[in-house]
Amino acid sequence: MGRIRILPDQVANKIAAGEVVERPASVVKELLENSLDAGATDLRVEVESGGRRLIRITDDGCGMLRDDALLAFERHATSKLRDVKDLLSISTLGFRGEALPSIASVSRLLLETRSADEVTGTRIEIAGGKMLRCEEAALGGGTVVTVRDLFYNVPARRKFLRTEQTELAHIASLVTHYSLAHPDRTYRLTSGPTELLHVTPVATLQERVYQVFGSQVLDELVDIGARERDLFLPPPSVPPSEAIAAYQRERGPDEDPPTRTFRLTGFFSRPQVQKANRNSIFIFVNGRLIRDRLLLHALSSAYHNLIPPSAYPFALLFLECAPEEVDVNVHPSKTEVRFRHGSFVHDFVRDTLRDRLMETRPAPTFSPAQPATDLPGHAPSPQPAARLPYSEFSQMLENEAPGAVDSVLPEPAGAEPPLPDFTLRPTAAPAPRLDFTAPPIEVTPGPPPSGKLSRHLDAHGVFPVEAIPPPEMSLSVLSDLRPLGQIHESFIIAAGRDGLWIIDQHVAHERILFEQVLKQRAAGRVEMQRLLMPLIIQLTPEQQIDYARIADELHASGFETEPFGNRTIAVKAAPASVGAADLERILFEILEIAETELRGASLDDLRRSICASIACQAAIKINTRLDPAKMEWLLRALAATDCPMSCPHGRPIAMHYSTREILKAFHRI
Ligand code: ADP
Ligand code: MG
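What counts and what doesn't
- Residues numbered from 1 in each chain as written.
- Chains lettered and ligands numbered in written order.
- Predicted model: local features only at pLDDT ≥ 70, side-chain atom pairs only at ≥ 80, totals over all residues.
- Heavy atoms only, no water.
- Pairing = 2+ DSSP bridges.
- Helix = DSSP H or I, 4+ residues; strand = E, 2+ residues; numbered from the N terminus.
- Axes fitted to C-alpha atoms, helices over the stretch in contact; angles between N-to-C directions.
- Contact = heavy atoms within 4.5 Å.
- Near = heavy atom within 4 Å.
- Polar contact = N/O pair within 3.5 Å; in protein donor to acceptor, adjacent residues only side chain to side chain.
- Areas by Shrake-Rupley, 256 points an atom, 1.4 Å probe, with all protein chains shown as cover.
- Nonpolar A, V, L, I, M, F, W, Y, C, P; charged D, E, K, R; others polar.
- Core = buried A, V, L, I, M, F, W, Y, C linked by side-chain atoms within 4.5 Å.
- Buried < 20%, exposed > 50% of the residue type's maximum accessible area, 1.4 Å probe, protein only.
- Phe/Tyr/Trp six-rings, centres within 6.5 Å; stacked < 30°, edge-to-face > 60°.
- Lys NZ or Arg CZ within 6 Å of the ring centre and 35° of its normal.
- Parallel < 35°, antiparallel > 145°, perpendicular 65-115°, else oblique.
- Left-handed = near helix turned anticlockwise from the far one by under 90°.
- Salt bridge = Lys/Arg side-chain N within 4 Å of Asp/Glu carboxyl O.
- Expected span 1.5 Å × (residues − 1).

Caption draft 1: Representation of the sheet that holds strand 16 (residues 482-487) in the model. Judged by pairing direction, the sheet is antiparallel, and its four strands sit side by side in the order 16-17-18-22 without closing on themselves. Strand pairing shows two members of the sheet lacking a second neighbour, strand 16 and strand 22 (654-657), which therefore form its edges. Taken over all neighbouring pairs, the strand axes of this sheet differ in orientation by 25° on average, direction set aside. Pairing between strand 16 and strand 17 (residues 491-496): five bridges, direction antiparallel. Within strand 17, the residue paired with Gln-486 across the bridge is Ile-492. Helix-sheet contacts for helix 13 (residues 505-523) involve strand 16, strand 17 and strand 18 (499-504), and the interaxial angle to strand 18 is about 70°. Relative to the sheet, helix 17 (residues 628-639) contacts strand 16, strand 17 and strand 18, its axis offset from that of strand 16 by approximately 110°.

Caption draft 2: The site of ligand 1, seen in detail. The immediate surroundings of ligand 1 are formed by 20 residues, with Asn-34, Thr-78, Ser-79, Lys-80 and Gly-97 found nearest. Take Ser-79: an N or O atom from its side chain is 2.5 Å from an oxygen atom of ligand 1. Between Lys-80 and ligand 1, the recorded distance is 2.7 Å, taken from a side-chain N or O atom to an oxygen atom. Here ligand 1, which alone exposes 530 Å², has 93% of that area covered by the protein. Put simply, the parts of the chain that give the shell around ligand 1 at least two residues each are helix 2 (24-37) and helix 4 (99-105). The dominant element in the shell around ligand 1, judged by the number of residues it contributes, is helix 4, at three residues. Residue classes in the shell around ligand 1 are distributed as eight nonpolar, eight polar and four charged.

Caption draft 3: Spatial organisation of the nonpolar core. The biggest cluster of nonpolar side chains holds 60 residues, and the ones touching the most others in it are Val-28, Leu-32, Val-147, Val-175, Tyr-187, Val-209 and Leu-316. With 37 residues, the next largest nonpolar core counts Val-222, Ile-224, Ile-290 and Ala-311 among its residues.

Caption draft 4: Here's a closer look at the packing of aromatic side chains. As enumerated under the stated definition, the model contains five aromatic pairs in all. Here a set of aromatic residues connected by ring pairs shows up, and it is made of Tyr-178, Phe-284 and Phe-318. Positioned over the ring face of Tyr-152 is Arg-108, at 3.9 Å from the centre of the ring.

Caption draft 5: Looking closely at the packing of helix 13 against helix 16 (residues 603-618). Direction vectors running N to C along helix 13 and helix 16 enclose 135°, while the axes themselves pass 8 Å from each other. As far as their axial angle goes, helix 16 and helix 13 are oblique. Helix 16 is crossed by helix 13, and the crossing has right-handed handedness. Residue-level inspection shows His-506, His-509, Glu-510, Leu-513, Phe-514, Val-517, Leu-518 and Arg-521 of helix 13 in contact with helix 16, the latter providing Arg-607, Arg-608, Cys-611, Ala-612, Ile-614, Ala-615, Cys-616 and Ala-618.

Caption draft 6: Structural context of the packing of helix 10 (residues 293-302) against helix 11 (residues 342-360). Relative orientation of the contacting elements helix 10 and helix 11 amounts to 30°, with a least axis distance of 8 Å. Taken together, helix 10 and helix 11 sit at an angle that is classed as roughly parallel. Between helix 10 and helix 11 lies a crossing of right-handed hand. In contact with Leu-294, Leu-295, His-297, Ala-298, Leu-299, Ser-301 and Ala-302 of helix 10, helix 11 contributes Gly-342, Val-345, His-346, Val-349, Arg-350, Leu-353, Arg-354 and Leu-357. In the contact of helix 10 with helix 11, the residues fall into nine nonpolar, four polar and two charged.

Caption draft 7: Spotlight on the environment of Glu-584. Secondary-structure assignment places Glu-584 in helix 15 (residues 583-596). Each C-alpha atom of the pair Glu-584 and Leu-535 lies 8.0 Å from the other, and the pair is 49 residues apart in sequence. Apart from residues no more than four positions distant in its own chain, Glu-584 is found in contact with Leu-535 and Ile-537.

Caption draft 8: Representation of the environment of Ser-49 within the structure. Structurally, Ser-49 is set in the loop between strand 1 (42-48) and strand 2 (54-59). A relative accessible area of 15% places Ser-49 in the buried class. Taking the C-alpha atoms as reference points, Ser-49 and Glu-167, 118 residues apart in sequence, are found 8.6 Å from one another.

Caption draft 9: Up close: the pattern of salt bridges. This model, assessed by the stated rule, comprises 29 salt bridges. Among the salt bridges present, the one from Arg-23 reaches Glu-167, with a minimum N-O distance of 3.0 Å. Here Arg-23, found in the loop between helix 1 (9-20) and helix 2, pairs with Glu-167, found in helix 6 (residues 164-181); they are 144 residues apart in sequence, far enough to count as distant. Taken individually, Arg-23 and Glu-167 each receive the classification buried, so the pair is uniform in this respect.

Caption draft 10: View of the pairing of strand 11 (residues 281-285). The element strand 11 is largely enclosed, with a buried count of five among its five residues. Burial along strand 11 is two-sided: Ile-281, Ile-283 and Val-285 facing one way and Phe-282 and Phe-284 facing the other are all buried. In this sheet, strand 13 (residues 315-320) lies alongside strand 11 in parallel orientation, the contact comprising five bridges. Note that in strand 13 the partner of Ile-281 across the bridge is Ala-315. Note that strand 11 and strand 12 (residues 288-290) share three bridges and pair antiparallel. Residue pairing across strands places Ile-283 opposite Ile-290, the latter belonging to strand 12.

Caption draft 11: Quick look at unusual backbone geometry. At Asp-149, a position not held by glycine, the phi torsion is positive, near 50°. Tracing the backbone shows Asp-149 in the loop between strand 6 (142-148) and helix 5 (155-160). On the basis of relative accessible area, Asp-149 is assigned to the partly exposed category, the value being 28%. The phi dihedral of Arg-567 falls on the positive side, at around 50°, and the residue is not glycine. By the element assignment, Arg-567 lies in the loop between strand 20 (560-563) and strand 21 (568-575). A residue is classified by how much of its surface remains accessible, and Arg-567, at 34% relative accessible area, is partly exposed.

Caption draft 12: Main features of the pairing of strand 13. Most of strand 13 is tucked away, with five of its six residues classed as buried. Taken together, the six bridges between strand 10 (residues 259-269) and strand 13 define a ladder with antiparallel strand orientation. Bridge pairing links Thr-265 to Phe-318 in strand 13.

Caption draft 13: Expanded view of helix 2. Taking 1.5 Å of rise per residue, the 14 residues of helix 2 would be expected to cover 20 Å, and the 20 Å separating its terminal C-alpha atoms lies within 8% of that figure. When you tally the buried positions in helix 2, you get 12 out of 14 residues, the bulk of the element. Looking only at helix 2, the buried set comprises Pro-24, Ala-25, Ser-26, Val-27, Val-28, Lys-29, Glu-30, Leu-31, Leu-32, Glu-33, Ser-35 and Leu-36.

Listed below in structure tokens is the structure:
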């Protein structure tokens, strides 16, 4: 007798459940998606014990007919696909017909549903995949799915669950983000008696972002608006203009070639918001929440040289395209996708975000009490200070005044929570940017009449509130600043129309040089200088491999090198701005970049990293005295850069202390 046999459905479902149901949040995801596919506009999620004990999703969708309700628990039973052709253009969130049978095989499940076409509803109870009950019931329209005791019959899975708080955080994050994907619907999430999220329909995504995160977070985000790019078919490998020409040769000049339009909307953070992990990145493709390496890479490329490589932004991106352009049938949990024209999509997303970042040129403000990196509920992200040229400087400050820098520098690494736990309601007021909670110093015996300092009685002079200039949100104002001097011969202090500015001279110059070098590089005219004697450098085997890979790029960036015997290279010329003494170090630095973060990454990223290294090397150092003319030049040159907000390594360049904040600090408003 043969040894191979077909597995019974119950076993097959349990195996499928292994992939589909990873944790309570996966159940919530599948059930929410079913409700959305059913056209629900009111979605209610109730959980207990982080979803282990109970998950209940109630919707006002189309409900199911009695026969369908029974069929829904069969493997591969779906109303969303008919034949294999449909697989190429899926417009629903579900299509595999696996979720309900999988969930039912690892829990005690109760389905209550009624379609508008039937007078009575249906109640079905299943435990561990076995049908216990199926009966008619008097029910309202829509569907309620109750999942109890998840993994009660799969002890191995139960062991892998994290704490209730963690599982709840996953669920909260998921429901929150689905609520952001559909501002026109009501979402409600409760955990036991606690309501975690309740949002009612609004007209725009911006209003929904406000409902969910509050106004402060909204201020820290950039609205993409709606950006589109057309893909010309056919072949993506042919540049669009050639594709059009080829098409017109075939069909005559009057007919436009077929195009597919890609559209990107959503919000993403300004460079000063930096997260320690990817938990604040949510990407939706055609309404489906996905995890996709290509899009993550596009996002991080957009921030390349704006935030440190170890930091992540906050992003809420919605990409819409023709269903034929994206294959969603890649993984059972449907969280991965494959694009038909991957590099087009990648570049579209990267360019759109980069352009929007450049357009806004936002100025970071002071927030010593709460670093700007800190969205509500998140620990401040660590900044890898130790890897940057500032560590010495901060060390020096620390020695001078113990504790003095603590309030300015972000907390050290390691404080990061394992998971997002959003503050879900705007009612949880965001902390003030400056902490002035300290009791006011009493200057007169007894309190003033109003209990506060009354402006009329105030003998300290009245600041005409009307005269407060509008806040300077953009760094374009840098060119109008009046430099006042330096602190520690490292930071330029400048007065502007609206308040005070502090500019880090090294990173400011680094940004100026970076863009200069990048432009020279793009135009193919990098200034080089010949070395009197070639510099001979020994490489390790790994460095040798990396060197071979980037030799052309090095050459184009102004380093004339050639192999010189075994694992040795000779450097004959270098970019004009790099001093001979620094040459060896900078080359090793570039090789290290090539090794650690750029293996297999794009040439564009490598090029930017090389330019960043050159710029860092040549920039004015800290602890350097600057005369007023030089400071003025620096500010003007900085204002003229494309991106004056952060240095090529992602550190902020200029901090702004607005007139309003100054007035507040002195209790004048
Ligand atoms: P899929 O979503 O991939 O089709 P599921 O196992 O998740 O597979 O669901 C099976 C079918 O049950 C769906 O195709 C749909 O017809 C029906 N269904 C599931 N949930 C609901 C719901 N909340 N409202 C109406 N119909 C539903
Ligand atoms: Mg489904």
